[in-house]
Amino acid sequence: QVQLVESGGGLVQAGGSLRLSCVASERTFDTYSMGWFRQAPGKEREFVAGVIWSGGGTNYTQSLKGRFTISRDNAENTVYLQMKSLQPDDTAVYFCAASRLLYVSQSASSYHSWGQGTQVTVSS
């Protein structure tokens, strides 16, 4: 399994922005589709955004489209999640995950490797 390490979380005021990063340990990173998920306290893990192996296709949960942008740099084995206009409801632990599928799946069961997560807290 590929090892994934997220960073970039923190405390931000409502309306602010953050950029999360996820670095993969394997050179085969560019064969994986990558996803970002989040889990708030007492809630189920939910899909946020995903990008296919080439970076040429993305998918977002509809409610976040326009505020969140996913991208990847295969030369750096890194996937990013740019988040803007953050709201308290965005408070959660954010996870990146890798999938062998050639398309972006919104189902957590499609992803075989997960990072440990990074906490994002948005204050009102």
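Look up: the structure comes first, before these words.
Structure report, in brief. (Residues numbered from 1 in each chain as written. Predicted model: local features only at pLDDT ≥ 70, side-chain atom pairs only at ≥ 80, totals over all residues. Heavy atoms only, no water.)

## A look at the overall build of the protein chain
- In terms of helices and strands, the protein chain carries zero helices and 11 strands.
- Listing the helices and strands of the protein chain from first to last along the sequence gives β-β-β-β-β-β-β-β-β-β-β.
- At 13 Å, the protein chain has a C-alpha radius of gyration in line with the 14 Å of a compact globule built from 124 residues.
- Taking the principal axes of its C-alpha atoms as reference, the protein chain extends roughly 40 × 25 × 25 Å.
- Counting across all 124 residues of the protein chain, residues that qualify as buried make up 47%. (Helix = DSSP H or I, 4+ residues; strand = E, 2+ residues; numbered from the N terminus. Rg over C-alpha atoms; globule rule 2.2 N^0.38 Å. Buried < 20%, exposed > 50% of the residue type's maximum accessible area, 1.4 Å probe, protein only.)

## Points about the nonpolar core
- Ranked by internal contacts, the top residues of the largest apolar core, which has 29 residues, are M34, W36, L81, M83 and Y94.
- Residue assignment for this core shows that the elements contributing at least two residues are strand 3 (18–24), strand 4 (33–39), strand 5 (46–51), strand 7 (68–73), strand 8 (78–83), strand 9 (92–99) and strand 11 (118–123).
- Excluding residues within four positions of it along the chain, L81 makes contact with L18, R19, L20, W36, V48, A49, F68, T69, I70 and Y94.
- Grouped together as the second largest cluster of nonpolar side chains are six residues, F37, A97, V104 and Y111 included. (Core = buried A, V, L, I, M, F, W, Y, C linked by side-chain atoms within 4.5 Å. Contact = heavy atoms within 4.5 Å.)

## With respect to the packing of aromatic side chains
- With the rule as written, the count across this model stands at five aromatic pairs.
- Summarising the aromatic geometry, the rings of F95 and W114 are spaced 6.5 Å apart at their centres and angled 80° between planes, so their arrangement reads as edge-to-face. With F95 in strand 9 and W114 in strand 10 (residues 113–114), this pair connects stretches of sequence that are 19 residues apart.
- With a relative accessible area of 10%, F95 lands in the buried category. (Phe/Tyr/Trp six-rings, centres within 6.5 Å; stacked < 30°, edge-to-face > 60°.)

## What about the state of the cysteines?
- Under the counting rule described, the total for this entry stands at one disulfide.
- Between the sulfur of C22 and that of C96 lies a disulfide, 1.9 Å long from S to S. Taking the sign of the torsion about the S-S bond as the criterion, the disulfide between C22 and C96, at about 50°, is right-handed. Here the residue C22 occupies a position in strand 3, and C96 occupies one in strand 9, the gap between them amounting to 74 residues. The burial state of C22 is the same as that of C96; both residues are buried. (Disulfide = S-S within 2.5 Å.)

## A short note on the pairing of strand 11
- Of the two faces of strand 11, only one is covered, namely that formed by T118, V120 and V122; the face formed by Q119, T121 and S123 stays uncovered.
- Bridging between strand 2 (residues 10–13) and strand 11 involves four bridges; their strand directions are parallel. Looking at strand 11, one finds that V12 is bridged to V122.
- As paired elements, strand 9 and strand 11 share three bridges and run antiparallel to each other. Residue pairing across strands places V93 opposite Q119, the latter belonging to strand 11. (Pairing = 2+ DSSP bridges.)

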